[in-house]
Amino acid sequence: MDFDLPESAAAVREGVLAIAGKYDQDYWGRCDAEKRWPEEVWRELVQGGWHALAIPEEYGGGGQGLLELAVALEALAEGGAGGAASFMYLLTPAFGGLTINQHGTEEQKREFLPKIAAGEIETCFAITEPDAGSNAVNISTQARRDGDHFVVSGQKIWISGVERADHLVLVTRTIPAAEARPRTSGFTVLLVDVAQAVADGTLTYRPIPKLGTNTVASSMVFLDEVRVPVSRVLGEVDQGFLVLWDILNPERILAAAGGVGSGGLVLKLACEYATDRAPFGKPIGANQAIAFPLAKAKAQLELARLMTYKAAWLWDRGRPCGSEANIAKLTAADAAWQAADRTFQTYGGMAYSMEYPIARMFRDARIAKNIPIAEELVLAHIAQHELGLPKSY
């Protein structure tokens, strides 16, 4: 067993940290307050190829894997971006680059991967629906065949990044859930040209006002007879559930990496404050009531990091990683939340002031316990598949 990071991943960490170090908390606070994408950081990531690490070299990428992508995301979050980092690595590097490389045809790879690597196009992902929620099997967005096109109608909710995406990785039903046998059949994943559909008037979206993670909008998306060429199917028609797992598992692994990095960032701020703040003549960090909860948060983050790296390592080798991805996401989200909560307590009343970044990090950390999958569903999966308990849903 070797717990050293590969040289490639260590180099990624240093490279991304160097970029993150150029941007202070005032910058990230402005991006959040102005509800704008961190364009300056994104351009630097693209110019250095740090967003295209998992795209093969023949298409202009780094030729590395999900582990390096996870390390990059963790470094960006820990280096200052916090929760904003997750979407920067999920939307295009994972949902676009990883998925097309894993399940695209050779023609699709040649068309899209070089453009993603060059930063010429961006992507997002749409699966969640108002009535289905976390129950992906019950989605009802329908794609019907019409000659050499699919025609898609339905609604999606909480779709992040559609406002800047060139293409949307869209999960549809080509066999309704009530008719599918097994129920996981009948899914088809399509690559939708967003600009064309908007121009045709068949795709519209409406941003949802939300509590945090404001550097990217999350929207309701309305699909009304969107025409998608058959050549834009990712994987096979009716067999999209196989593609879906290769989207959801990396999503959970990267979300875990973001949690580890964000938790590390907020814990660093807590320790700096606890070392400097001395209202009673000595630093408040000298008190066990302050120090011990922060130490526990550090231990939880280190454990989450180990499982995150293990899950990414398994995925890179084509081995089953569903349970590991779920456990990584569960533990990292909770560790990040505990770190944010204890940091809030360490800062006391000043954590409530918008002059400090703690309030922003606190609210951004909370949502990670619900997305990309609620912790209750992760626990149900562990109970059933790891403990052998009866299925609860």
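It should be emphasised that the depicted structure is a prediction, and the values quoted were computed from it without experimental measurement.

## Considerations on the packing of aromatic side chains
- Per the stated rule, a full pass over the model turns up twelve aromatic pairs.
- Judged by centre distance (4.8 Å) and plane angle (50°), the ring pair of Y23 and Y27 falls under tilted. This pair shows no difference in class: Y23 is buried, exactly as Y27 is.
- With a centroid separation of 4.9 Å and 40° between ring planes, the pair formed by F95 and F125 is classed as tilted. Residue F95 is located in helix α5 (residues 84–103), and its partner F125 is located in strand β1 (residues 123–126); the two are separated by 30 residues in the primary sequence.
- According to the relative accessible area criterion, F95 is buried, its value standing at 6%.
- Look at F125 and you get buried, because its relative accessible area is 7%.
- Taken together, the ring pairs in this structure connect W337, F344, Y352 and F362 into an aromatic cluster.
- Sitting above the plane of the F150 ring, R145 keeps its charged end 5.6 Å from the centroid.
- Positioned above the aromatic ring of F187 is the side chain of R173, whose terminal nitrogen or guanidinium carbon lies 4.0 Å from the ring centre.

## Observations regarding a nonpolar patch on the surface
- Together, M1, F3, L303 and L306 make up an exposed nonpolar region whose accessible area comes to about 580 Å².
- Tracing the chain through its elements places F3 in the segment before α1 (7–20).
- The exposure class assigned to F3 is exposed, which follows from its relative accessible area of 62%.

## A look at the UniProt feature "domain: Acyl-CoA dehydrogenase/oxidase N-terminal" (unreviewed entry) in the protein
- Under the UniProt annotation, "domain: Acyl-CoA dehydrogenase/oxidase N-terminal" (unreviewed entry) lies at residues 8–120.
- The span residues 8–120 is 70% helical and 0% strand by assignment, and the distance between its end C-alpha atoms comes to 25 Å.

## Brief notes about the nonpolar core
- Membership of the largest hydrophobic core comes to 95 residues, with the highest contact counts inside it found for V41, L45, L76, Y89, F125, L168 and V192.
- With sequence-adjacent residues up to four places away left out, L76 is seen in contact with V16, A20, V41, L45, A81, G82, A85, M88 and Y89.
- V266, Y273, L301 and A339 belong to the second largest nonpolar core, which has 22 residues in total.

## Concerning the packing of helix α3 (residues 39–47) against α5
- Between α3 and α5, the shortest axis-to-axis distance is 12 Å and the interhelical angle comes to 50°. When the interaxial angle is binned, α3 and α5 end up oblique. Here α3 runs over α5; the crossing is right-handed. Contacts between α3 and α5 pair V41, W42 and L45 from the former with M88, Y89, T92 and P93 from the latter.

## Some details on the pattern of salt bridges
- By the definition in use, this model includes 20 salt bridges.
- As a salt-bridge pair, E129 and K156 come within 2.9 Å of each other at their nearest N and O atoms. Highlighted residues: E129 in the loop between β1 and β2 (142–146) and K156 in strand β3 (residues 149–160), separated in sequence by 27 residues.
- The exposure class assigned to E129 is buried, which follows from its relative accessible area of 5%.
- A salt bridge links R305 to E302; its shortest N-O distance comes to 2.7 Å. Of this pair, R305 and E302 both sit in helix α9 (residues 288–316), separated by three residues, roughly a single helical turn.
- Here the salt bridges share partners, and the residues they tie into one network are R13, E74, E78, K298, E302 and R305.

## Quick look at α1
- For α1, with 14 residues, the first-to-last C-alpha span of 20 Å sits near the 20 Å given by 1.5 Å per residue.
- Those residues of α1 lying buried are A9, V12, G15, V16, I19 and A20. One face of α1 carries all of its buried residues, which in axial projection span an arc of 135°. Away from the buried face of α1 by more than 90 degrees, exposed residues E7 and E14 are located.

Rules used in this analysis
Residues numbered from 1 in each chain as written. Predicted model: local features only at pLDDT ≥ 70, side-chain atom pairs only at ≥ 80, totals over all residues. Heavy atoms only, no water. Phe/Tyr/Trp six-rings, centres within 6.5 Å; stacked < 30°, edge-to-face > 60°. Buried < 20%, exposed > 50% of the residue type's maximum accessible area, 1.4 Å probe, protein only. Helix = DSSP H or I, 4+ residues; strand = E, 2+ residues; numbered from the N terminus. Lys NZ or Arg CZ within 6 Å of the ring centre and 35° of its normal. Patch = residues over 30% accessible without salt bridge, like charges linked within 9 Å, V, L, I, M, F, W, Y side chains within 5 Å. Areas by Shrake-Rupley, 256 points an atom, 1.4 Å probe, with all protein chains shown as cover. Salt bridge = Lys/Arg side-chain N within 4 Å of Asp/Glu carboxyl O. UniProt positions renumbered as here; feature names shortened; annotations may be inferred. Core = buried A, V, L, I, M, F, W, Y, C linked by side-chain atoms within 4.5 Å. Contact = heavy atoms within 4.5 Å. Axes fitted to C-alpha atoms, helices over the stretch in contact; angles between N-to-C directions. Parallel < 35°, antiparallel > 145°, perpendicular 65-115°, else oblique. Left-handed = near helix turned anticlockwise from the far one by under 90°. Expected span 1.5 Å × (residues − 1). Arc of directions from axis to C-beta.

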